[in-house]
Amino acid sequence: METLTPAKRNECLVFAVNGEKFEVPNLDPSTTLLEFLRSRTRFKSVKLGCGEGGCGACVVLMSKYDPVNKQIENFSMSSCLTLLCSINGCSITTSEGLGNTRDGFHPIHQRFTGFHASQCGFCTPGMCMSLFSALVDAEKTSRPESSPGFSKLTVSEAEKAIAGNLCRCTGYRPIADACKSFAADVDMEDLGINSFWRKEDLNEVRASRLPTYHPKNHNCTYSEFFGEENQSDMLLNSELYSWYTPASIEELQTLLYPNVSENGMKIKLVVGNTGTGYYKETEKYDKYVDLRYIPQLSVVIKDNSGIVFGAALSISKVIFSLKEENEENLSSEGKLIFTKLADHMEKIASGFIRNSASLGGNLVMSQRNNFPSDVATLLLAVDSSVSILTGHDCEKITMEEFLSRPPLDSRSVLLNVHIPYWKQTKSNGTIESNSRLLFETYRAAPRPLGNALPYLNAAFLADLSCNKSEVLVNNVRLAFGAYGTKHATRANKVEEYLSGNLVGVSLLNEAVKLVKSSVVPEDGTSHAAYRSSLAGSFLFEFLFSFIEIDYKIFAHGLDNTLREEAEIINNSNLLLSSGKQFVDSSKECYPVGEPMTKFGAAIQASGEAVYVDDIPSPPNCLHGAFIYSTKPLARVKGISFKSNSLPDGVTDVISSKDIPKGGENVGCTAMFGSESLFVDDLATCAGDLIALVVAEAKKHANMAAKTALVDYDTESLDSPILTVEEAVKRSSFFEVPPFLYPEKVGDFSEGMAEADHKILNAEIKLGSQYYFYMETQTALAVPDEENCMVVYSSIQCPEFAHIVIARCLGVPEHNVRVITRRVGGGFGGKALKAMPVATACALAAHKLRRPVRIYLDRKTDMIMAGGRHPMKITYSVGFKSNGKITALHLDILINAGNTIDISPIMPNNIIGALKKYDWGSLSFDIKVCKTNLTSKSAMRGPGEVQASYIAEAIMEHVAGMLSIEVDSVREKNLHTYESLLLFYGSASGDSMEYTLPSIWDKVARSSSFTERVATVEQFNQLHIWRKRGISRVPIIHEVLVRPTPGKVSILWDGSIVVEVGGIELGQGLWTKVKQITAYALSSIQCDGTEELVEKVRVIQSDTLALVQGGFTAGSTTSESSCEAVRQCCNVLVERLAPLKKKLQEQMGSVKWDDLILQAHHQSINLAAHSFFVPMPSSQQYLNYGAAVSEVEINILTGETRILRTDIVYDCGQSMSPAVDLGQIEGAFVQGIGFFMLEEYITNTDGLVVSDSTWTYKIPTIDTIPKQFNVEVLNSGHHRNRVLSSKASGEPPLLLAASVHCATRAAIEAARKQRNSWGALDETDSTFQLEVPATMPVVKQLCGLDTVERYLQSLVTCNGT
Ligand SMILES: Cc1cc2nc3c(=O)[nH]c(=O)nc-3n(C[C@H](O)[C@H](O)[C@H](O)COP(=O)(O)OP(=O)(O)OC[C@H]3O[C@@H](n4cnc5c(N)ncnc54)[C@H](O)[C@@H]3O)c2cc1C
Ligand code: FES
Ligand code: FES
């Protein structure tokens, strides 16, 4: 093996990736590891999902020599934030380095495949690396060796390993199973459906079927290029890269304070560089100074006074040391403090960030930029101090002083942090005391396990003296942070108020009020009142257990103290997810009906699967980035740049002026018309595309687009329309073609006349949702001969992009070819919204005669995307005293944004899903409003998810009015087959197909619904601060089957190539197509047809090879593609049959391969094409399902945990049960996002401000149902369906309304209780719970002042 000379290492950046050595002679020091890997190596498994450290798609394993411990350390980190220069001398492993097609896959890849844990696959390599790093960590422990096939990892660690990784497709449960399958303590019964074993297999058999894993064989080793003896020479100090790695404080000082001529230099101190995930870099620096190799900055020193942590230590190492400290001889209080500090720090960011994020970097960001830090709050509470080096002066100051000083100068260095040991004070004589030190930390964040900044964090340290009945506060430190304040602060007034006093209800009541008036966010902070109220909740939680003893009996005979309650919760939540899956596989049409693994899952896991941005850039390729309007309605007069000329590296700025002669300014087309590509003159929404900056490098294009100055003019323009109310006022609507407008049912006035009760003009408002596909919009356009253009696009409807590109360029359609292999998640967002991206790319490539590629950054994508339609609903409903509804009328105003898109389909979709109940009579007035917001498009279950929810909200309103159980109201209003026919007409199918009533009962049985309703009731009586709710919800979802083409070709060796109109988005379309191809061709009945499925390859969609591909949307493209393929196969079988008969007569039996060879020799046409057009009578059909969800809310914080969900969903006869199960779970979790978490917020101009992983929170593994049971019902035969199968892509998303309804039930219990404390305001049981029901929303409804109310009620009752 080649070794390097030490001298060379100093000058040149050298590192290894997957065992290959790289020497990089010159480089911009701001280059990240991800940029390098993706653009200059063949390793594309590191995906760019966010560039912020917030998604985990780019995780790699870093191996480096630790000079302190003199050993190699391995840890995961995000490659999107790591600077390339900082990995000098290190070794990197990516997912394709673990295993790949050529060398064989790693057991991680194999298990991800076998547990069906990869759908679109874009998140999968990052997931695999997070798991791999956890396995490596576990091996370092002194735990006993694991049994064969397993590791030292625990189940809980396995789940937490992926807590910071986002997946938008799977719903996480199968990923968790794949991870848990490596854990030594896993219960095999808990592992879900997989391709390794059958249900009936014993546990020992199951274990033996898992792909073999031997930790020793599968651990990566530090690259052999770097010998340990030469580590000191590995420090990169090079003017070439402007990168310096001082090895001592003296060297650092020389670098920071060089001679006078260099005084104006811009210097950047770096450690992990994770800060750039939050503060995006727009500046250029002259010098980068890496602080990690100065010994004083990486020390852990323990002495009598406390511990000193070097500022460059990673947060992970600090956590490790704090925990390690606990194992030594510390006082119990000291241990308590360190344990709590470590536990809290484990909720900061995610493992792969904590591993490189430094303690000092965090504190400096907090001090200098007001970053909402957890670390600062924790350290403030325990009276830490910091040492700072400025010039040659080193000073030690308290954390308090550090935080309150003016921002640290860019050349000042934070050297270390000192955390003192704490011991309780001695008895002060006031009380015959038993002194005790109490320390607690708090954090309320949208996701419990981190990677979510908190709304508020706090840490409290109290020195208390206790005797039998009284508790005296000797001293207390109360630190709060991250609530919209400059930095963490102490609530001094409250501290003073409490100190020297006995803890009592009145004291606490006053203290809570005082703390709420002290912890006040700055103007403009979101959820300000909520954050202040959290401060009260935390203080209450901290101190109340000391007085609860006295009040426990009084307080409604409660069994548990607050602390005990918390413990119960924590213990019950050891596991983040578990579940049972029930699927029926059928052999009747083998291999159709088999729960096969997803086609391509292994290469998705290893990262070899090629997405558009993985296609290597052709020579001369340029990169594009959009400039978009930030004004909702304004004339665009021009674009300029600060320098007045084009910025560095920028080649051109393409706008509507560049549309070629004969071309059109068109960027999108669909059934309701076309839309412009670029703003012509007038921008009509914030997010409208103004121009495309084209540059030599992506970084340059992005930077130029961000810093471009757009000259707007709004003179004499009307004010923009941003709300539906304004649209109504100004009659701004899109037309809905009459044939698409749904029909009313019955007569509303007659229905109202029958009613005993009425609700009139009640209102609901629903917001938007962002797709959050992991792969943002992307395209690559390559000019070809004779004015032709090949465009690789990540799109759900290549055919339409093809048409638009041809029109835009003014060329015939046969000059354009759009190729789509796979899409890294679509969810509707890569249908119309992908067209302008592909078209802009093609336009730029056409003008510049060079290839151009675009891969949108997350922010631009979030701003342009549009997302789900917001709407305002006003309803009037009439009902009988028993809950039977007799009439419903709705007025719905849909906010469609600035262009028509697919919005006219919304009324039909809404009414289609709303009709799931028998409303007696149903009438409506639906308007599609044209506003100056970004155009809304179809998002998974468009209109249907909102409607399904509206129906439930009405049920709850009715039940609330009648004070009866909402479940009984739901049941009373379920359709009979007769009413179903009335509402849905022929889409209802025959009566046997109406499975909802049986599903409704089945889910009640499988979830023990009735018993659990009683248990929930009991729980709520016994617990004050936690309330539970349970809810059962049905769905009916109508789908439409559309025409789709297919083509099957059989090659000489008997292998088969299939092309279909449908696009593989992760939904498993290719898998189903493979299965049906094998099934249909096997009807030829040759030897070897059982293995046909292995011979089938489905290939990319190419709009010139297969025309009329249409849209992949509406949940039915898989089945229609399957039917098209089946028709092709039938033709081929028919052509082959005479030959087969002849051969059989000659030889007795015929092998598939021989038959095909002969057929080729005899010139039989072995390619068949079809275009499946569904019969009008069976084009539409209904899907049914029901779910029961149980949640628990925390009244103090507003947090909701989903304890359990049970789903029963009718898939007809599933063609691929594992695929359908994945769709059901994934859709449901996406629905949880809509109902519970995802706030897609705009500013007053309509510009999206939830524009990053920091502000937009999709579900992670810690927010899914803790127990998630799904039954894929095989409801038998549906004559008119493709092999009796039904859709699974969208309908299950609607079931997530059950979580929202359960949350509402829990809140209702909380509100009832609050009323019993003498709340003066009338609590209305018909209150509405907003969507999404985020923590602030839940808390608000439970009462921001609940704590005070409770304490006041105690004061009043007890006279204290
Ligand atoms: C996705 C994500 C989630 C996060 N979530 C949380 C969270 O929940 N809670 C929380 O508290 N934090 C959170 N953080 C912040 C994280 O802790 C910090 O980004 C990290 O600690 C910074 O350390 P670093 O080594 O990467 O700093 P760098 O990015 O290298 O530096 C940050 C800044 O500090 C300066 N600097 C660094 N070290 C020193 C020093 N010793 N002396 C002087 N200046 C210095 C640098 O010049 C730079 O200006 C999160 C970060 C990410 C990316
Ligand atoms: S791309 Fe690095 S964490 Fe998202
Ligand atoms: S499979 Fe995880 S994002 Fe698609």
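Residues numbered from 1 in each chain as written. Chains lettered and ligands numbered in written order. Predicted model: local features only at pLDDT ≥ 70, side-chain atom pairs only at ≥ 80, totals over all residues. Heavy atoms only, no water.

Below, the discussion takes up the overall build of the protein. Of the regular secondary structure elements, the protein holds 42 helices and 44 strands. Relative to the compact-globule value of 34 Å for 1360 residues, the protein shows a C-alpha radius of gyration of 32 Å, a close match. Based on the C-alpha atoms only, the size of the protein along its principal axes is roughly 105 × 85 × 80 Å. Residues classed as buried in the protein amount to 66% of the 1360 residues present. Partitioning the intrachain contacts of the protein with sequence separation of at least 6 by distance along the chain shows that 77% fall at a separation of at least 24. Per element, the accessible surface of the protein, about 48,000 Å² overall, is 50% carbon and sulfur. (Helix = DSSP H or I, 4+ residues; strand = E, 2+ residues; numbered from the N terminus. Rg over C-alpha atoms; globule rule 2.2 N^0.38 Å. Buried < 20%, exposed > 50% of the residue type's maximum accessible area, 1.4 Å probe, protein only. Contact = heavy atoms within 4.5 Å. Areas by Shrake-Rupley, 256 points an atom, 1.4 Å probe, with all protein chains shown as cover.)

Moving on: the site of ligand 1. Around ligand 1 there are 35 residues in total, and Leu269, Thr274, Ser358, Asp374 and Arg443 lie nearest to it. Asn273 is positioned with one of its backbone polar atoms (N or O) 2.8 Å from an oxygen atom of ligand 1. One of the backbone nitrogen or oxygen atoms of Asp374 is found 2.7 Å away from an oxygen atom of ligand 1. Calculation on ligand 1 without its partners gives an accessible area of 980 Å², and the protein chains cover 96% of this total. Among the elements that make up the shell around ligand 1, the one with the highest residue count is helix α14 (residues 359-369) (5 residues). Looking at the shell around ligand 1, its residues break down into 19 nonpolar, 12 polar and 4 charged. (Near = heavy atom within 4 Å. Polar contact = N/O pair within 3.5 Å; in protein donor to acceptor, adjacent residues only side chain to side chain. Nonpolar A, V, L, I, M, F, W, Y, C, P; charged D, E, K, R; others polar.)

Our focus in this paragraph is a negative patch on the surface. A surface patch of like charges, here negative, comprises Asp1087, Glu1090, Glu1091 and Glu1094. As for its position among the elements, Glu1094 is in helix α35 (residues 1092-1095). You can call Glu1094 exposed: its relative accessible area is 62%. (Patch = residues over 30% accessible without salt bridge, like charges linked within 9 Å, V, L, I, M, F, W, Y side chains within 5 Å. Salt bridge = Lys/Arg side-chain N within 4 Å of Asp/Glu carboxyl O. Lys, Arg positive; Asp, Glu negative; His and termini not counted. Charge placed at Lys NZ, Arg CZ, Asp CG, Glu CD.)

Attention now moves to the environment of Gly673. Residue position: Gly673 is located in strand β23 (residues 673-675). For the pair Gly673 and Asp901, spaced 228 residues apart in the sequence, the C-alpha separation amounts to 7.8 Å.

Attention now moves to the packing of aromatic side chains. How two aromatic rings sit relative to each other is set out by the distance from centre to centre and by the angle between their planes. Tallied over the entire structure, the rule returns 44 aromatic pairs. Between Phe599 and Trp1070, the ring centres sit 5.8 Å apart and the planes meet at 50°, which makes this aromatic pair tilted. Taken together, the positions of Phe599 in the loop between β18 (581-583) and α21 (601-606) and Trp1070 in helix α34 (residues 1069-1081) put the pair 471 residues apart, joining distant regions of the chain. Neither Phe599 nor Trp1070 differs from the other in exposure class; each is buried. Within the aromatic cluster, the residues linked to one another by ring pairs are Tyr770, Tyr771, Phe772, Tyr773, Tyr1240 and Tyr1256. If you follow Arg111 out to its NZ or CZ, it ends over the ring of Phe182, 4.0 Å from the centre. In this structure, Arg1311 is placed above the aromatic ring of Phe1327, and the distance from its NZ or CZ to the ring centre is 4.3 Å. (Phe/Tyr/Trp six-rings, centres within 6.5 Å; stacked < 30°, edge-to-face > 60°. Lys NZ or Arg CZ within 6 Å of the ring centre and 35° of its normal.)

Another aspect to go through is the nonpolar core. Counting 356 residues, the largest nonpolar core has Phe112, Phe480, Leu890 and Trp919 as its most contacted members. Residues in contact with Phe112, not counting those within four places in the same chain, are Ala117, Ser118, Thr124, Met127, Cys128, Leu131, Ile175, Ala178, Cys179 and Ala605. (Core = buried A, V, L, I, M, F, W, Y, C linked by side-chain atoms within 4.5 Å.)

Before going further, it helps to spend a moment on the sheet that holds strand β15 (residues 456-466). An order of β14-β15-β16-β17 is seen for the 4 strands of this open sheet, with the pairing classed as antiparallel. Taken across any chain shown, the strands that pair with only one partner, and hence form the sheet edges, are β14 (434-444) and β17 (489-490). Note that β15 and strand β16 (residues 471-481) share 10 bridges and pair antiparallel. Across the sheet, the residue bridging to Leu464 is Val473, located in β16. (Pairing = 2+ DSSP bridges.)

Time to look at the side chain of Thr31. Along the chain, the position of Thr31 falls in the loop between β2 (20-24) and α2 (33-40). In this structure Thr31 touches Phe36, Thr82, Leu83, Leu84 and Lys699, once residues within four positions along its chain are discounted.

Let's shift gears to the packing of helix α4 (residues 107-114) against helix α5 (residues 124-139). Running from amino to carboxyl end, α4 crosses α5 at an angle of 125°, the nearest separation of the two axes being 10 Å. Taken together, α4 and α5 sit at an angle that is classed as oblique. In this structure, α4 meets α5 at a crossing whose hand is right-handed. Between α4 and α5, the residues in contact are Ile108, His109 and Phe112 and Thr124, Met127, Cys128, Leu131, Phe132 and Leu135, respectively. Broken down by class, the residue content of the contact of α4 with α5 amounts to 7 nonpolar, 2 polar and no charged. (Axes fitted to C-alpha atoms, helices over the stretch in contact; angles between N-to-C directions. Parallel < 35°, antiparallel > 145°, perpendicular 65-115°, else oblique. Left-handed = near helix turned anticlockwise from the far one by under 90°.)

Let us now look at unusual backbone geometry. Tyr590 connects to Pro591 through a cis peptide bond whose omega is 0°. Cis geometry marks the peptide bond from Val1331 to Pro1332, where omega comes out at 0°.

For the rest of this paragraph, the subject is the pairing of strand β43 (residues 1200-1210). The element β43 is extensively covered by neighbouring structure, given that 10 of its 11 residues are classed as buried. Relative to β43, strand β42 (residues 1180-1194) is paired through 9 bridges, and the arrangement is antiparallel. Each residue of the ladder has a partner; that of Val1191, found in β43, is Ile1202. Looking at chain direction, β43 and strand β44 (residues 1267-1273) are connected through 7 bridges and run parallel. Within β44, the position partnered with Val1208 by the bridge is Glu1271. This β-α-β element, β43 to helix α38 (residues 1217-1237) to β44, shows right-handed connectivity. (Right-handed = clockwise from strand over helix to strand, strands pointing away.)

Here α4 lies mainly inside the structure; 7 of its 8 residues are buried. Buried within α4 we find Pro107, Ile108, His109, Arg111, Phe112, Thr113 and Gly114. Phi for His116, located one or two positions after α4, is positive at around 60°.

Attention shifts here to the sheet that holds strand β35 (residues 921-929). Across the sheet, which stays open at both edges, the 5 strands sit in the order β27-β35-β34-β33-β28 with mixed pairing between neighbours. Edge positions in the sheet fall to β27 (733-734) and β28 (757-766), since each has one partner strand and no second. In the sheet, β27 pairs with β35 via 2 bridges, with the strands oriented antiparallel. Paired with Phe733 across the two strands is Cys929, which belongs to β35. Sitting on the sheet, helix α29 (residues 944-962) touches β28, β33 (871-879) and β34 (885-895), and the angle it makes with β28 is about 140°.

Counting buried positions over the 8 residues of helix α41 (residues 1335-1342) gives 7, a clear majority of the element. When we look at burial in α41, the residues that qualify are Met1335, Pro1336, Val1337, Val1338, Lys1339, Leu1341 and Cys1342. Within two residues after α41, Gly1343 carries a phi angle of roughly 110°, on the positive side.

Inspection of the sheet shows strand β29 (residues 778-784) paired to strand β32 (residues 852-855) by 4 bridges, in the antiparallel sense. Pairing of Ala779 across the sheet is with Ile854, part of β32. Where β29 and strand β30 (residues 788-793) come together, 6 bridges link them in antiparallel fashion. The partner of Ala781 across the bridge, within β30, is Val791.

Next up on the list: the pattern of salt bridges. Tallied over the entire structure, the rule returns 74 salt bridges. Close ionic contact of Lys280 with Glu52 constitutes a salt bridge, the shortest N to O distance being 2.8 Å. Of this pair, Lys280 sits in the loop between β7 (267-270) and β8 (287-290) while Glu52 sits in the loop between α2 and β3 (59-66), and the two are 228 residues apart along the sequence. Since its relative accessible area comes to 46%, Lys280 is described here as partly exposed. The exposure class of Glu52 is buried, given its relative accessible area of 5%. What you see here is one network of salt bridges that share partners, running through Lys916, Glu952, Glu956, Arg970, Arg1304 and Glu1308.

So, about the environment of Leu449. By the element assignment, Leu449 lies in the loop between β14 and β15. Counting along the chain gives 80 residues from Leu449 to Ala529, while the straight-line C-alpha distance between them is 24 Å. In contact with Leu449, other than residues within four places in its own chain, are Lys160, Ala163, Lys347, Ala349, Leu576 and Asp1262.

A few words now on the side chain of Ser321. Note on placement: Ser321 falls in helix α11 (residues 315-327). With a relative accessible area of 8%, Ser321 lands in the buried category. Setting aside residues up to four positions removed in sequence, Ser321 forms contacts with Val300 and Phe309.

Right, let's get into the confidence of the model for the protein. A residue-level look at the protein finds 93% of positions with pLDDT of 70 or above and a mean pLDDT of 91. Under a pLDDT of 50 for its full length, residues 1-9 has, in the predicted model, 20 contacts with residues more than four places off or in other chains. (pLDDT = per-residue confidence, 0-100.)

Quick look at the environment of Phe182 now. Residue position: Phe182 is located in the loop between α7 (173-180) and α8 (203-209). What makes Phe182 buried here is its relative accessible area of 0%. For the pair formed by Phe182 and Pro904, sequence separation is 722 residues and the distance between their alpha carbons is 50 Å.

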